[in-house]
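In case you want the letters, here they are:
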Amino acid sequence: MVAIGVYARLMKHAEAALACLAVDPAVMLMIVGFLMFIITFCGCVGSLRENICLLQTFCICLTVVFLLQLTAGILGFVFADKARDRVTGMINNAIVHYREDIDLQNLIDFGQKEFGCCGGVTYTDWSQNLYFNCTQGNPSRERCSVPFSCCILSADKQVVINTMCGTGMQHLQYVEAGDHIYTNGCIDKLVNWIHTNMFLLGGVALGLAIPQLVGILLSQILINQIKDQIELQHYNLKHRFDPWS
């Protein structure tokens, strides 16, 4: 993970994509990978060498990670409106920088096709983009259009996708445009997907939490066993030469 982060940071200069995110994904990969290495190193070496210090470090780190995940989940649920506004802002920034980074463009196209949506709140959000802006003085050939990923494809799989199918769609009214493109925004589609797959997301969260809790429990058990062995050794040394004491 660290190697992937370093490679992405050195080889990929995605200033447009970074403008849409709070942190650099490459830097985040390096930080997470480094922390994972430290935690697993403490757990592995601590258990092999029966080192209480390393095992306690492993246990504390796992506890902190678990509590951070739990806190993030609770805050996301309590402040759902603020989280929604934050995601809306990120999507709007991504729309603005759509043509400036090919990876960001592919990500947006994939999301719109997968969820059957267009824009953040509605399809006219694409007017925020310089190329799709609907102002009269915009010289772009894509003026008042939307990306092809907004288009409703026919039932039969097309061999060649018409990438100009979104031309002029912002000129049309909501109902009329709905015959050709997805008019609902991706925010509502994403919220509906989360509500529909709540049990799946809960299962994933539980699957992440159980190994952490098991690791905390086992490390604490091992620490107690090591302490008991140390106390037993001290007792045996003390009474080796004086069995009556």
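Notes on the structure in this doc start here. These figures come from a predicted structure and were not determined experimentally. (Residues numbered from 1 in each chain as written. Predicted model: local features only at pLDDT ≥ 70, side-chain atom pairs only at ≥ 80, totals over all residues. Heavy atoms only, no water.)

Topic: the state of the cysteines
No. 1: What the rule picks out here adds up to four disulfides.
No. 2: The side chain of Cys-118 participates in a disulfide bridge whose partner is Cys-150; the two sulfur atoms lie 2.1 Å from each other. Taking the sign of the S-S torsion, 80 degrees for the link of Cys-118 and Cys-150, the bridge is right-handed. Placement of Cys-118 in the loop between α6 (102–115) and α7 (174–177) and of Cys-150 in the loop between α6 and α7 is noted, with a sequence separation of 32 residues between them.
No. 3: Accessibility expressed as a relative area gives 0% for Cys-118, which makes it buried.
No. 4: Here Cys-151 is linked by a disulfide to Cys-165, with a sulfur-sulfur distance of 2.0 Å. Its S-S torsion of about 110 degrees marks the bond between Cys-151 and Cys-165 as right-handed, since a negative value means left-handed. (Disulfide = S-S within 2.5 Å. Helix = DSSP H or I, 4+ residues; strand = E, 2+ residues; numbered from the N terminus. Buried < 20%, exposed > 50% of the residue type's maximum accessible area, 1.4 Å probe, protein only.)

Digging into helix α5 (residues 80–96)
No. 1: Taking 1.5 Å of rise per residue, 17 residues should cover 24 Å, and α5 covers 24 Å from first to last C-alpha, within 8% of that figure.
No. 2: Inspection of α5 places Thr-88, Asn-92, Ala-94 and Ile-95 among the buried residues, and these make up the whole buried set. When α5 is viewed along its axis, its buried side chains cluster within an angular range of 155 degrees and face the same direction.
No. 3: Buried residues along α5 sit in contact with α6 and α8 (186–196). (Expected span 1.5 Å × (residues − 1). Arc of directions from axis to C-beta. Contact = heavy atoms within 4.5 Å.)

With respect to unusual backbone geometry
No. 1: Of note, Glu-50 is a non-glycine position whose phi angle comes to about 55 degrees, a positive value.
No. 2: Inspection of the secondary structure puts Glu-50 in the loop between α3 (25–49) and α4 (52–78).
No. 3: Located in the positive-phi region is Cys-144, a residue other than glycine, with phi close to 65 degrees.
No. 4: Assignment of secondary structure puts Cys-144 in the loop between α6 and α7.
No. 5: On the basis of relative accessibility, which here comes to 0%, the residue Cys-144 falls in the buried class.

Points about a nonpolar patch on the surface
No. 1: Taken together, Val-27, Ile-31, Phe-34, Leu-35, Phe-37, Ile-38 and Phe-41 make up a surface patch of nonpolar side chains, about 640 Å² in accessible area.
No. 2: If you trace the backbone, Phe-34 turns up in helix α3. (Patch = residues over 30% accessible without salt bridge, like charges linked within 9 Å, V, L, I, M, F, W, Y side chains within 5 Å. Areas by Shrake-Rupley, 256 points an atom, 1.4 Å probe, with all protein chains shown as cover. Salt bridge = Lys/Arg side-chain N within 4 Å of Asp/Glu carboxyl O.)

Digging into the side chain of Asn-133
No. 1: Counting through the fold element by element, Asn-133 comes out in the loop between α6 and α7.
No. 2: Each residue touching Asn-133, except ones within four places of it in the same chain, is listed here: Trp-126, Ser-127, Asn-138, Arg-143 and Cys-144.

Overview of the pattern of salt bridges
No. 1: On inspection of all chains with the given rule, the structure shows two salt bridges.
No. 2: Here Arg-84 and Asp-188 are joined by a salt bridge, their closest N and O atoms 2.6 Å apart. One end of the pair, Arg-84, is in helix α5; the other, Asp-188, is in helix α8, and 104 residues separate them in sequence.
No. 3: Of the residues examined, Asp-188 reaches a relative accessible area of 35% and is grouped as partly exposed.

A closer look at the packing of aromatic side chains
Any two aromatic rings considered together are summarised by their centre-to-centre distance and by the angle between their planes.
No. 1: The tally for this structure, following the rule as stated, stands at six aromatic pairs.
No. 2: Consider the rings of Trp-126 and Phe-132, whose centres lie 5.5 Å apart with planes at 75 degrees: the pair is edge-to-face. Phe-132 carries the same exposure label as Trp-126, and that label is buried.
No. 3: Here the aromatic cluster, defined as three or more aromatic residues joined through ring pairs, consists of Tyr-98, Trp-126 and Phe-132. (Phe/Tyr/Trp six-rings, centres within 6.5 Å; stacked < 30°, edge-to-face > 60°.)

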